[in-house]
Structure formats: structure tokens, C-alpha cells
Amino acid sequence: MGASFIWAISIIISESDGQGWGLLLAFALIGFGIGFLIVDLLLKKFLKNWKKVFLIESGIVFLLISWYQYQNRKLILELPQNFSKEYVTIIYSVKNEKELGITPFTWKKEIKVPKNGILLTSSEIDENLPKTDFRDSYGELYSTIGNQKIFVKITDSEFEHNGRTYKMRTWRLGEGELLMSTSEQHKAYRTELIDNFKNKASR
């Protein structure tokens, strides 16, 4: 139980991905710690053999750690040197482009982002990992404690061209403790992105 509280505190301190999921997990861990204490008391009440209690509790902890690790599989988007774009976008279902190569058994995937910040893939949008992080050209992850680089995921969207539907996922990058972003900025970026994509696809 104590370990879950320590883990929760470390998550609260290190929460820096700009998406808030770490805080939710921290509260879940606190709840788990309380629940595990109750289970421990019940097992010790009904099972007098301490070895059985230890094996059952170890099994529960192993399953929960495995579940946590699986739910936190990470897609790492590697930024090129001197990257200055505000947005990074993945456009899915594009013919003749490479697949992301993500399967249910993928624990971590690292993908290089093109200099224009737009990654084209033939994969579907649901070929994804639960968490996303960015790595700068110096090898440092955006989620690193003390790193002032942050990112915010924008709502997924889609567009049509030549009878095909393309879905895309976008993040906005920035520096500092807070990243201000407006719907007008996103709309302008989306319009420019789609226009450029259609123009290149028509050539």
C-alpha cells in the first residue's frame, strides 16, 4: 500500500505532459492503496497461512503492474534538428505510405517526424498506443521532469478528398508552463494543412 502512495506522489510531482492523465492515475493509485489494505486485512482474517496470503497478494500486484504497464505503452515522436514548427500532425489512411507498425504487442514505438511536421501513413487512426511523448533533437523527452517543453493534443479530425476520407491527429508544441491555444489558430492550421495535402495529391 505504501508503494502505491509513493508512486502516486511521484506522478503528481512529475505530471508535465499537458494532458492531465497522470493526475487521474495518481488518484487511482491512492484508491488502489486503500483497496489493497482492505484486501490484505480480509485475506489475513480468512487465511491463516501467511504463504498463501503472500502468493495471492503478489499475484494481484503483478497483474496490476502488468495492466498499468500495458495501459502506458508509449508512442515517441522524434523531432528533427532545428525543428521550428508549432504543430505535428499524423494523417492516416494515405495510400502507398509506410505503416506505423503498431500492434497489440507493441510496448514502445519511436517514429521520426519529417521536417515539415506532417507524417503520412497508410495505417488507420486506431493503430495507436495509449500514451504519446515527443523527443527533441538532443534526445530529451518532453515529459522529462523540469523540461519546459510541453505539448497539447488537439481534437482528432477528418477531411475528404477524391472520394476518400482521411483522418488526422494533431499536437501543438510549445515552451513554458502553460500553452495558450485558440480554436481559430487550430482552424487556420487545419485549413492550410488540408489545402497543401490536396494540392500535392493532385500532382
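See the structure printed just above.
So, how was this worked out
- Residues numbered from 1 in each chain as written.
- Predicted model: local features only at pLDDT ≥ 70, side-chain atom pairs only at ≥ 80, totals over all residues.
- Heavy atoms only, no water.
- Helix = DSSP H or I, 4+ residues; strand = E, 2+ residues; numbered from the N terminus.
- Buried < 20%, exposed > 50% of the residue type's maximum accessible area, 1.4 Å probe, protein only.
- Contact = heavy atoms within 4.5 Å.
- Areas by Shrake-Rupley, 256 points an atom, 1.4 Å probe, with all protein chains shown as cover.
- Salt bridge = Lys/Arg side-chain N within 4 Å of Asp/Glu carboxyl O.
- Pairing = 2+ DSSP bridges.
- Axes fitted to C-alpha atoms, helices over the stretch in contact; angles between N-to-C directions.

Time to look at the overall build of the protein chain. Check the secondary structure of the protein chain and you find 4 helices and 7 strands. The order of α-helices and β-strands along the protein chain, N terminus first, is α-α-α-β-β-β-β-β-β-β-α. When the 203 residues of the protein chain are sorted by exposure, 34% land in the buried category. A separation of at least 24 residues holds for 69% of the contacts in the protein chain among residues at least 6 apart in sequence. Total accessible area on the protein chain is roughly 13100 Å²; 59% of this is exposed by carbon and sulfur atoms.

Counted according to the given criterion, the structure contains 9 salt bridges. Across the pair Lys108 and Glu110 runs a salt bridge, and its minimum N-O distance is 3.5 Å. Here Lys149 and Asp136 are joined by a salt bridge, their closest N and O atoms 3.3 Å apart. Taken as a pair, Lys149 in strand E6 (residues 149-161) and Asp136 in the loop between strand E5 (131-135) and E6 lie far apart in primary sequence, 13 residues in all. The exposure class assigned to Asp136 is buried, which follows from its relative accessible area of 7%. It is possible to trace a salt-bridge network through shared partners that takes in Glu78, Lys108, Glu110, Lys112 and Arg135.

The 4 strands are arranged E4-E2-E7-E6 in an open sheet whose pairing can be described as mixed. Two strands close off the open sheet at either side, each with one partner strand: strand E4 (118-120) and E6. When strand polarity is set aside, the average angle formed by the axes of neighbouring strands in this sheet is 15°. One ladder, built from 11 bridges, connects E6 with strand E7 (residues 164-175); its direction is antiparallel.

With 5 bridges connecting them, strand E2 (residues 87-91) and E7 associate as antiparallel partners. Counterpart to Tyr87 in the pairing with E7 is Arg172. Linkage of E6 to E7, two consecutive antiparallel strands, is achieved through a turn of 2 residues, within which Asn162 is found at a positive phi near 50°.

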